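Overview (structure and organization)
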Amino acid sequence: MESLFNKFQKAVGVLAKSRTFAKNPRQLQFEADINKLFMYTSFNRLGREALETDAEEIIEMAGKTSLSEQQKQVQDNIHYQVENFCSLMDGILCPDVSKREPGSQPATPPPRQSGLTFAVGGSNHASPAADKPFVPETKPLKLAQVSQRLMEQLGYTLEIKPSVIPHKDAGQGCFIKGEADAGTVLAFYPGVIYSPAFYRYIPGYPKVDSQNSYLITRYDGTVINAQPWGLGGDSREVWTGSYTPAVKTDTKTSENGSDRLWKALSKPLQGSGKAKEVLERRNPLAFGHLANHPAKETNPNVMICPYDFPLVEKDLRPYVPNVSFGDSGEVKMKRFGSFWFKTGGSNGVEAPVLKTLVLVATRALRDEELLLNYRLSNSKRRPDWYTPVNEEEDRRRWS
């Protein structure tokens, strides 16, 4: 529906002036974004039979629902889509046990250790690879094959090819192949997650973005570094997120004593952060980091959405393309009913979550490039190719 985007945009503008919204500029922008995501994802949840009148009802609900309730609903809506995606991926990649050749044996998982073994820190009989996660058997398909099969079942997939943005620095772009409705989860933002406590472990610290354009920050300060993920891979594997970034040195620049001291004090700390997860590197939607910023006078067609993935969902875990550095991104959640969310109450069952990001469509899309508003800070010099989509939103986001 052509008018849906404009309806929701206008509704957010009206609601942002309401007394129920925060007065702090940064919090105001956060609430406006959640409000928008609430409307897009709730409308998507209704399915393709949804009508304009349904959109009007959702807009009315958005004006009456508290921020915390909207956040819960957005998480529920996103998780619903992620579950569906993971189910389809299982169908594509997991071997069909009923079709095994007579006499063939499935891969045998390593022997399970007892609770006592974990308590005392291992045993003398443990194998050298005892601490290595078990990688289950999957079909020998390449990423391109998985992507094609996903499109046939989901109706869309992603592909990477030269951007259509008329700028020499545009490079590669992320395109939807197929079609998807507004409110659809189109991509995951892959990579290593760093909480503020682990910023000094980000490669290149303190100037982490000087040689890495694949960093993104959530409103809560969580940073995701997608550079190690690259273009994925062709297998399911134990992924640590480790890599060695290229470092440019300027031998012509002279340094005084204080410069050398500052470098010594602020250099990135070394450490793996014990990140080690079995991830599906053939994830056709793990390309959110390759979405480009729109050209001048062009509107974005996707927006960032914080997604707190509940780590208790073990069967879904391989398809969420992120690992935490240390305990980055893993916060305690409580379960009420069928979903997990943060709460200060004492009721419910606690469970950790992974603080990730996904890209959500802001209108119906078909065979076109994904365009994401980067919202770069106006306190720093911006690249020549960057044209603000909304200067006021940029200012509020980084206030």
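Up top is the structure these notes are about.
This write-up is about the structure you can find in this document. All of these numbers come straight from a predicted model, not from anything done at the bench.

Rules of the game
- Residues numbered from 1 in each chain as written.
- Predicted model: local features only at pLDDT ≥ 70, side-chain atom pairs only at ≥ 80, totals over all residues.
- Heavy atoms only, no water.
- Helix = DSSP H or I, 4+ residues; strand = E, 2+ residues; numbered from the N terminus.
- Buried < 20%, exposed > 50% of the residue type's maximum accessible area, 1.4 Å probe, protein only.
- Contact = heavy atoms within 4.5 Å.
- Areas by Shrake-Rupley, 256 points an atom, 1.4 Å probe, with all protein chains shown as cover.
- Pairing = 2+ DSSP bridges.
- Axes fitted to C-alpha atoms, helices over the stretch in contact; angles between N-to-C directions.
- Salt bridge = Lys/Arg side-chain N within 4 Å of Asp/Glu carboxyl O.
- Polar contact = N/O pair within 3.5 Å; in protein donor to acceptor, adjacent residues only side chain to side chain.
- Parallel < 35°, antiparallel > 145°, perpendicular 65-115°, else oblique.
- Left-handed = near helix turned anticlockwise from the far one by under 90°.
- Nonpolar A, V, L, I, M, F, W, Y, C, P; charged D, E, K, R; others polar.

**Structural notes on the overall build of the protein**
Tallying secondary structure elements over the protein gives eight helices and 14 strands in all. Residues classed as buried in the protein amount to 43% of the 399 residues present. Considering only residue pairs separated by 6 or more positions, the protein has 77% of its internal contacts joining residues 24 or more positions apart. Split by element, the accessible area of the protein, about 21,900 Å² in all, is 52% carbon and sulfur.

**Overview of the sheet that holds strand β4 (residues 191–194)**
Taken in spatial order, the four strands line up as β5-β6-β4-β10 in an open sheet, and their pairing is mixed. Of all strands in the sheet, those with a lone pairing partner are β5 (215–217) and β10 (322–324), marking the two edges. Averaged over all adjacent pairs, the angle separating strand axes in this sheet is 25°, with direction ignored. Relative to β10, β4 is paired through three bridges, and the arrangement is parallel. Within β10, the position partnered with Val192 by the bridge is Val323.

**Looking at the pattern of salt bridges**
Overall, the coordinates contain 20 salt bridges when judged by the stated rule. Between Lys161 and Glu159 there is a salt bridge, with the nearest N and O atoms lying 3.4 Å from each other. Lys161 gets classed as partly exposed once you look at its relative accessible area, which sits at 35%. The partner of Asp220 in a salt bridge is Arg218, and the shortest N-O contact between them spans 2.8 Å. Residue classification places Asp220 among the partly exposed positions, given a relative accessible area of 33%. In the salt-bridge network here, residues are joined through shared partners; they are Arg218, Asp220, Asp308 and Lys355.

**Observations concerning the sheet that holds strand β2 (residues 172–180)**
Reading across the sheet, the three strands line up as β1-β2-β14 and stay open at both edges, with antiparallel pairing between neighbours. Two strands bound the open sheet, and with one partner strand each, they are β1 (156–162) and β14 (365–369). On average, adjacent strands in this sheet sit at an angle of 20° to one another, irrespective of strand direction. Contacts from helix α6 (residues 143–154) reach β1 and β2, with the element oriented near 135° to β1.

**As for the side chain of Glu280**
For Glu280, the location among the structural elements is in strand β8 (residues 277–280). Its relative accessible area of 0% is what places Glu280 among the buried residues. For Glu280, the side chain forms a polar contact with the side chain of Arg236, separated by 2.8 Å. Glu280 has contacts with Met89, Leu93, Thr138, Trp229, Ser235, Arg236, Pro318 and Tyr319, leaving out every residue within four places of it along the chain.

**Things to note about the packing of helix α2 (residues 25–45) against helix α4 (residues 67–93)**
Between α2 and α4, the shortest axis-to-axis distance is 9 Å and the interhelical angle comes to 45°. By the criterion of interaxial angle, the relationship of α2 to α4 is oblique. The two elements α2 and α4 meet at a crossing, and its hand is left-handed. For the pair α2 and α4, contact is made by Gln27, Phe30, Glu31, Ile34, Asn35, Leu37, Phe38, Thr41, Ser42, Asn44 and Arg45 and by Leu67, Gln70, Gln71, Gln73, Val74, Asp76, Asn77, Ile78, Tyr80 and Gln81, respectively. A per-class count over the contact of α2 with α4 returns eight nonpolar, 10 polar and three charged.

**Quick notes on unusual backbone geometry**
That bond from Tyr205 to Pro206 is cis: its omega, 10°, falls within 30 degrees of zero. Take Pro206: it is sitting in the loop between β4 and β5. At Glu297, a residue that is not glycine, the phi angle is positive and equals roughly 65°. Within the secondary structure, Glu297 is located in the loop between β8 and β9 (302–310). Classification of Glu297 as exposed rests on a relative accessible area of 80%. One non-glycine residue, Asp367, lies in the positive phi region at around 45°. Tracing the backbone shows Asp367 in strand β14.

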